[in-house]
Amino acid sequence: MQKICVLGLGYIGLPTASVLATNGFEVLGVDVSDFIVQTVGGGGIHIEEPGLQTVVRAAVQSGNLRAVREPAPADVFIIAVPTPLTADQRADMRFVKAAAESIVPHLRRDNLVILESTSPPGTCANLLKPLFESAGWTIGADLFLAHCPERVLPGKILRELIENDRIIGGHTPACAERARELYAAFAAGTIFLTTDTTAETVKLMENTFRDVNIALANEAALLCEQLGIDYWEVARFANRHPRVQLHTAGPGVGGHCISVDPWFLVEKCPEEAKLIRMARERNDSMPKHVVSVLREMTEGLEKPKVTILGLAYKGNVDDVRESPAVHVVHGLMEAGLTVCAYDPHVSEGSAWTASLEDALRDSDCVALLTDHSEYLAIDPAVAGQLMRGRRLFDTRNALNAEAWRAAGFHVRRLGAASA
Ligand SMILES: NC(=O)c1ccc[n+]([C@@H]2O[C@H](COP(=O)([O-])OP(=O)(O)OC[C@H]3O[C@@H](n4cnc5c(N)ncnc54)[C@H](O)[C@@H]3O)[C@@H](O)[C@H]2O)c1
């Protein structure tokens with residue numbers, strides 16, 4: 001297992017390809033985007049991730065990582081392409097299917113194919129296996145197939161890629177063993193072997209666990225607003241119980257994983273996955289709540305302008321996929337408000353504004369949607385001088401409310417009474 005072909009050079013595929021290359025493997029990174037192939041081929045990166053630039057440059061300079069448009073024969077093929085949602089909340093498997101089809105002409109005896117993309121239960125068994133078998137291969141005999149889900153945290157991908165425990169699901173036990181050999185070469189965490197469908201479900205349940213718990217926190221935050229109390233105080237005290245861990249409430253759930261993956265279980269088991277569906281709906285409803293609070297805070301003002309701090313789905317990352325902040329921006333625009341969004345990690349998007357000063361100038365209300373560290377350093381007095389009105393809605397409970405109040409701001413926090 002010396003030559004590895006990684007399909008998809010995004011948040012998962014690029015760190016994986018470069019870590020494998022720096023561990024001595026000969027890696028061919030394949031992407032359908034010319035821009036990505038050119039950027040990575042030149043030793044650069046197209047996504048923001050701490051430490052990634054250094055590893056990619058080293059991998060390319062060593063000659064172990066090459067970026068290309070088309071796959072070529074290899075010992076191992078790793079599929080790390082997107083698995084987004086369709087408009088009707090089903091798994092869009094077109095990228096996985098296209099990637100699998102693209103390697104078929106290059107397969108050789110004893111090759112190992114690993115699906116890293118998060119996929120609905122049964123994808124290896126019912127999509128990939130028939131696809132490879134129709135090309136004449138027998139899984140577990142002359143071709144090996146496994147699902148090895150990624151559980152890295154954006155912002156800590158390089159460390160977690162190596163340190164996290166790994167669940168490897170083989171289509172047969174021999175497939176799992178082959179995949180273990182590969183990951184054991186660079187992974188420091190414990191490796192557990194199971195079946196492909198179990199591994200697919202494990203990954204989905206991990207993100208569903210988080211989504212359901214966030215939904216509970218968001219629901220509790222809304223209850224607290226109604227009850228006139230503070231969710232953050234409730235959570236702080238409840239979490240003194242040794243077996244309780246209430247999560248953090250917020251403006252919704254975004255990113256390519258937690259807001260997407262639970263739907264794959266709903267799709268497979270619609271009758272049973274009732275709680276999972278309700279959690280998704282609760283989290284998806286949060287941007288609407290944020291819009292309604294902001295409309296209330298700016299009611300009666302002439303041509304109100306709202307400043308949005310943060311477009312990314314979470315703090316200190318540049319990823320806007322499924323970001324609740326983007327839904328809030330669109331909701332405010334549809335309601336006829338003027339919106340300026342400032343995000344130091346994001347370089348374009350609806351209402352995108354190049355500087356904090358421009359975003360704040362003549363604004364009536366500032367809303368914190370993403371807890372980037374940069375926002376903690378904003379001086380409320382300076383912000384207040386630029387703004388037309390002094391109103392702050394903190395949907396993350398991240399800013400120092402007392403300091404903003406001292407600078408003359410009317411402060412609202414998600415999950416707390418409006419007074
Ligand atoms: N981003 C995360 O934090 C994370 C964490 C765990 C799991 N995952 C899962 O990993 C998978 C990949 O996610 P990502 O965030 O890296 O996506 P991404 O969009 O950042 O990257 C995917 C890349 O695949 C390329 N691509 C699409 N079709 C292709 C094809 N046929 N051949 C070659 N390249 C192709 C795209 O151009 C893109 O560059 C998804 O299933 C996702 O759910 C992501």
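The shown structure was predicted, so the numbers you read here are calculated from the model rather than taken from an experiment.

What counts, and where the lines are drawn
Residues numbered from 1 in each chain as written. Predicted model: local features only at pLDDT ≥ 70, side-chain atom pairs only at ≥ 80, totals over all residues. Near = placed C-beta within 6 Å. Nonpolar A, V, L, I, M, F, W, Y, C, P; charged D, E, K, R; others polar. Core = buried A, V, L, I, M, F, W, Y, C linked by C-beta atoms within 7 Å. Buried ≥ 20, exposed ≤ 12 C-beta atoms within 10 Å, placed from the backbone. Helix = DSSP H or I, 4+ residues; strand = E, 2+ residues; numbered from the N terminus. Contact = placed C-beta atoms within 7 Å. Pairing = 2+ DSSP bridges. Axes fitted to C-alpha atoms, helices over the stretch in contact; angles between N-to-C directions. Domains from an automatic or database assignment. Right-handed = clockwise from strand over helix to strand, strands pointing away.

1. Things to note about the site of the ligand
Part 1 of the reasoning: Around the ligand there are 28 residues in total, and Gly8, Gly10, Tyr11, Ile12 and Ser117 lie nearest to it.
Part 2 of the reasoning: Among the residues making up the shell around the ligand, the classes are represented as 16 nonpolar, nine polar and three charged.

2. Some thoughts on the nonpolar core
Part 1 of the reasoning: Counting 73 residues, the largest nonpolar core has Leu7, Ile79, Ile114 and Leu145 as the members making the most contacts within it.
Part 2 of the reasoning: No other element matches helix α1 (residues 13-22), which puts five residues into this core.
Part 3 of the reasoning: Every residue in contact with Ile79, bar those within four places of it in the chain, is listed here: Leu7, Gly8, Val96, Ala99, Ala100, Ile114, Leu115, Glu116 and Ser117.
Part 4 of the reasoning: Counting 42 residues, the second largest nonpolar core, distinct from the first, contains Met297, Ala325, Ala351 and Ala359.

3. A closer look at the sheet that holds strand β3 (residues 65-68)
Part 1 of the reasoning: Strand order in the open sheet formed by eight strands is β3-β2-β1-β4-β5-β6-β7-β8, and the pairing between neighbours is mixed. Each edge of the sheet is formed by a strand with only one pairing partner; in this case those strands are β3 and β8 (191-195). This sheet shows a mean twist of 25° between the axes of neighbouring strands, independent of strand direction.
Part 2 of the reasoning: In this structure, strand β1 (residues 3-7) lies alongside strand β2 (residues 26-30), joined through five bridges in parallel fashion. Looking across to β2, one finds that Cys5 is bridged to Leu28.
Part 3 of the reasoning: Its contacts with the sheet place helix α5 (residues 123-133) against β5 (111-115) and β6 (143-147), and it is angled at close to 155° to β6.

4. Focus on the domain arrangement of the protein chain
Part 1 of the reasoning: According to the domain assignment, the protein chain contains domain 1 (3-189) and domain 2 (284-413).
Part 2 of the reasoning: The distance between the C-alpha centroids of domain 1 and domain 2 comes to 38 Å.
Part 3 of the reasoning: Of the residues lining the interface, four residues belong to domain 1; the matching set on domain 2 comes to five residues.
Part 4 of the reasoning: In the side of domain 1 that touches domain 2, the residues fall into two nonpolar, one polar and one charged.

5. Concerning the sheet that holds strand β12 (residues 391-394)
Part 1 of the reasoning: As summarised here, the arrangement of the five strands in space is β10-β9-β11-β12-β13, forming an open sheet in which the pairing is parallel. The open sheet has two free edges, formed respectively by β10 (338-342) and β13 (410-413), since each of these has just one partner strand. Neighbour-to-neighbour, the strand axes of the sheet open up by a mean angle of 20°, direction not taken into account.
Part 2 of the reasoning: Sheet topology places strand β9 (residues 305-309) next to β10; five bridges connect them, and they run parallel. Within the sheet, the bridge partner assigned to Lys305 lies in β10 and is Thr338.
Part 3 of the reasoning: Against the sheet, helix α11 (residues 274-297) touches β9, β11 (365-368), β12 and β13, its axis set at about 165° to β12.

6. Some remarks on the pairing of β5
Part 1 of the reasoning: Taken across its five residues, β5 has five buried, putting it largely inside the fold.
Part 2 of the reasoning: Every second residue of β5 is oriented toward a common face, with Asn111, Val113 and Leu115 on one face and Leu112 and Ile114 on the other, all of them buried.
Part 3 of the reasoning: Note that strand β4 (residues 76-79) and β5 share four bridges and pair parallel. Within the sheet, the bridge partner assigned to Ile78 lies in β5 and is Ile114.
Part 4 of the reasoning: As defined by bridge partners, β5 adjoins β6 across five bridges and the pair is classed as parallel. Residue pairing across strands places Leu112 opposite Phe144, the latter belonging to β6.
Part 5 of the reasoning: Taken together, β5, α5 and β6 constitute a β-α-β crossover, and its handedness is right-handed.

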